[in-house]
Amino acid sequence: MNRINPKKLLNSKWTAVKPQNKEKHFMITEVEFDEEGDVIHCLIEAVMTKNERAIDWQDLKDDSQWQQGWK
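Since the model is a prediction, treat every value here as computed from it, not as a measurement.

Procedures and definitions
- Residues numbered from 1 in each chain as written.
- Predicted model: local features only at pLDDT ≥ 70, side-chain atom pairs only at ≥ 80, totals over all residues.
- Heavy atoms only, no water.
- Phe/Tyr/Trp six-rings, centres within 6.5 Å; stacked < 30°, edge-to-face > 60°.
- Helix = DSSP H or I, 4+ residues; strand = E, 2+ residues; numbered from the N terminus.
- Buried < 20%, exposed > 50% of the residue type's maximum accessible area, 1.4 Å probe, protein only.
- Pairing = 2+ DSSP bridges.
- Axes fitted to C-alpha atoms, helices over the stretch in contact; angles between N-to-C directions.

J.: When you look at the packing of aromatic side chains in this model, what are you seeing that I'm missing?
T.: Aromatic rings in a pair are described by how distant their centres are and how their planes are angled relative to each other. Applying the stated criterion to the full structure yields one aromatic pair. Ring geometry for F26 against W66: centres 5.2 Å apart, planes inclined by 85°, an arrangement best described as edge-to-face. Residue F26 is found in strand 2 (residues 23-33), and its partner W66 is found in strand 5 (residues 66-68); the two are separated by 40 residues along the sequence. Here F26 falls in the buried class, since its relative accessible area comes to 3%. For W66, a relative accessible area of 5% translates into the label buried.

J.: What am I meant to see in the sheet that holds strand 2 here?
T.: In a beta sheet, neighbouring strands pair by backbone hydrogen bonds and run either parallel or antiparallel. Pairing in this open sheet of five strands is antiparallel, and the strands run 4-3-2-1-5 from one edge to the other. The sheet is open, and its two borders are formed by strand 4 (52-54) and strand 5, each paired with just one other strand. Sheet twist, expressed as the mean angle between neighbouring strand axes with direction ignored, is 30°. Direction of pairing for strand 2 relative to strand 3 (residues 39-46): antiparallel, over a ladder of seven bridges. In the sheet register, V31 faces strand 3, and the bridge partner there is C42.

Here you go:
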């Protein structure tokens, strides 16, 4: 399980374990917090294609799908 500090999510780099559409390397480009400091919105962008999509930041903890950093 990947350990993640929500306050350090912005601009963090991720590698998809099973790339789809030739998208392997990603970066978190947008994070929004509520008044309590909980993440309410997280946007991930593929480095090569610039495709963006919303992601549940908790999914990044699953090391069978995501590796921290670019590998």
